[in-house]
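Chain and residue survey
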Amino acid sequence: MNKDLTIGKPETVLWQFCLPLFGSIVFQQLYNIADSLVAGKFIGENALAAVGNSYEITLIFIAFAFGCNMGCSVIVSQLFGAKKYVQLKTAVTTACIFSAVLCAMLMLTGILACDSLLLLIRTPGEVFADSKLYLDIYIWGLPFVFFYNIATGIFSALGDSRTPFYFLAASSTSNIAVDILFVTTLNMGVSGVAWATFLCQGISCILAVLTIWRRLMHIGTPEKTALFDWEILKKIMVIAIPSILQQSFISVGNILIQSVINGFGPSVMAGYSAAVKLNNLVITSFTTIGNGISNFTAQNIGARQYGRVKECFRAGLKIVWCLCVPFCLLYIFPGRYLLMLFLKQNSEAAIITGRQFLRILSPFYFAVSAKLVADGILRGAGAMGQFMAATFTDLILRVLLAFLLSGLTQSAAGIWCAWPIGWTTAMMLSVFFYRRKFPVVRT
């Protein structure tokens, strides 16, 4: 059901809107967690390393899908808040056409450059074949990734955060079952993990696109809508390009960091692969809530309800910090048992690596979550320059310090220490930019 985010108590509306988004991203992360869990438990440590290694490259493709999601979502939110339904429908079809062209270009690039990308990150020989196999199958499923992201962006723009949650809950739990079936019963190895994700994402995408199409058909318009509009595309690109660049450069940075990690061998790779899945569950949750804050901000700016935007930051902090506490406690104390979901009992070196990673990073979730809340408001308000500045500061610091500190300490612990420094510095920048744009807000 569509929901107008410009009415009702802002904090209550934001909680009701963002909590289903959090549930959705938990199930979204189950795709990758299930892949790693099944690979590590039922195939072996090298298979887990291969899936984790390929995942860093898949994040580049996801970055483009995410950028299209945000560009479409913010503009559609503004048009929905302003009750401009003719332009809203044109914005949706324009975003879909642009995303289809971009997806085709990325698929061609991925097919031709798969080997080069894996060599670039110094993929060890013992996991190269499985990494390539997983990545090849993933690339053929890119249309599902793109159009599912577009659909969820439109749902969020219309104030509906529950429908994507229902789709993801069903498809993610199905993915776990299909993963196990393909790997344990059909003995398909890493390809079984990849094909399970392909099938479940495909079904989820098709259902989401059909649902959003029916939803849009019920929004009445006084005149026929155009399928494509260059002016609307420009507005979408103003949001989409910085979002794509942000996620792409983060992905490239993660690939560079992955190349440093790969130099420490398969055990460290496997431990990092398991731990980073748990970490990504948290960070992606914060990012998704930030996206919800962008939708809230954009709808209210479209409706010229600027006073409601001022309450976003405080309400957003309450949401993300309520999530920080249980995640920190889980990762610091029983983190070993969470890692053992992915790893076998005899993978002690990998477990030690994963525990070290989680214990260093998790206390700083409070800092990075505050950054992502401020970023959400900046992006919804169209302040993409400030948004990019804080993001690139984080990325550059993390990459440079990963190389520097790993060399100085001669251990992977030096790499992990780069995250908190980058997060904290970028958080201070994002909050500064937010306060400068909305000086009347006091937090």
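Here the structure is shown first, and the text comes after it.
In this text, all values refer to a predicted model and were calculated from it rather than measured experimentally. (Residues numbered from 1 in each chain as written. Predicted model: local features only at pLDDT ≥ 70, side-chain atom pairs only at ≥ 80, totals over all residues. Heavy atoms only, no water.)

**Things to note about the packing of helix 5 (residues 142-157) against helix 6 (residues 162-185)**
Running from amino to carboxyl end, helix 5 crosses helix 6 at an angle of 145 degrees, the nearest separation of the two axes being 8 Å. The residues of helix 6 that touch helix 5, namely those facing Tyr148, Thr152 and Phe155, are Thr163, Pro164, Phe167 and Leu168. Split into classes, the residues belonging to the contact of helix 5 with helix 6 amount to 5 nonpolar, 2 polar and no charged. (Axes fitted to C-alpha atoms, helices over the stretch in contact; angles between N-to-C directions. Helix = DSSP H or I, 4+ residues; strand = E, 2+ residues; numbered from the N terminus. Contact = heavy atoms within 4.5 Å. Nonpolar A, V, L, I, M, F, W, Y, C, P; charged D, E, K, R; others polar.)

**So, the environment of Phe366**
Mapped onto the elements of the fold, Phe366 is located in helix 14 (residues 365-380). Placed 44 residues apart in sequence, Phe366 and Cys322 show a C-alpha to C-alpha distance of 9.7 Å. Among all residues touching Phe366, those that are not within four sequence positions of it are Trp321, Cys324, Val325 and Cys328.

**Thoughts on empty space enclosed by the protein**
Tallied over the entire structure, the rule returns 2 cavities of 30 Å³ or more. Its boundaries defined by the atoms lining it, the second largest cavity holds a volume of some 60 Å³. In terms of lining residues, the second largest cavity is bounded by Tyr134, Ile137, Tyr138, Gly141, Leu142, Val145, Ala194, Thr197, Phe198 and Gln201. Of all the secondary-structure elements, those providing two or more residues to the lining of the second largest cavity are helix 4 (125-140), helix 5 and helix 7 (189-217). No other element matches the 4 residues that helix 7 contributes to the lining of the second largest cavity. (1 Å grid on protein atoms, 1.4 Å probe; cavity = no way out; pocket = protein on both sides within 12 Å on 5 of 7 lines; lining within 4 Å. Points joined across faces, edges and corners; volume = space filled by probe spheres on them.)

**Side note on the packing of aromatic side chains**
Summed over the entire model, instances satisfying the criterion amount to 17 aromatic pairs. Arranged with centres 6.4 Å apart and planes meeting at 75 degrees, the rings of Phe286 and Tyr365 form a pair that is edge-to-face. Taken together, the positions of Phe286 in helix 9 (residues 266-302) and Tyr365 in helix 14 put the pair 79 residues apart, joining distant regions of the chain. Judged by centre distance (6.2 Å) and plane angle (75 degrees), the ring pair of Tyr331 and Tyr365 falls under edge-to-face. Residue Tyr331 is found in helix 11 (residues 312-332), and its partner Tyr365 is found in helix 14; the two are separated by 34 residues along the sequence. Given the relative accessible area of 3%, Tyr331 is considered buried. An aromatic cluster is present here, built from Phe286, Phe327, Tyr331, Tyr365 and Trp423 joined pairwise through their rings. (Phe/Tyr/Trp six-rings, centres within 6.5 Å; stacked < 30°, edge-to-face > 60°. Buried < 20%, exposed > 50% of the residue type's maximum accessible area, 1.4 Å probe, protein only.)

**Describing the nonpolar core**
Ranked by size, the top nonpolar core spans 73 residues in total, and within it Phe286, Phe357, Tyr365, Trp416 and Trp419 carry the most contacts. Considering every element that reaches this core, the biggest residue donor is helix 9, with 15 residues. When neighbours within four sequence positions are excluded, Phe286 is seen to be in contact with Val320, Leu323, Cys324, Tyr365, Val368, Ser369 and Leu372. Among the nonpolar cores identified, the runner-up in size contains 60 residues, and Ala91, Leu106, Phe155 and Ala240 belong to it. (Core = buried A, V, L, I, M, F, W, Y, C linked by side-chain atoms within 4.5 Å.)

**Side note on the pattern of salt bridges**
Where charged atoms from two side chains of opposite charge approach closely, those side chains can pair. Evaluated as defined, the whole model comprises 8 salt bridges. Taken together, the shared-partner salt bridges connect Asp115, Lys132 and Asp136 into one network. (Salt bridge = Lys/Arg side-chain N within 4 Å of Asp/Glu carboxyl O.)

**Structural notes on the side chain of Arg379**
Tracing the chain through its elements places Arg379 in helix 14. Buried and unpaired, Arg379 has Asp375 as its nearest opposite-charge partner, separated by 6.5 Å. Within the structure, Arg379 has its side chain in polar contact with the side chain of Ser294 (distance 3.2 Å). (Lys, Arg positive; Asp, Glu negative; His and termini not counted. Polar contact = N/O pair within 3.5 Å; in protein donor to acceptor, adjacent residues only side chain to side chain.)

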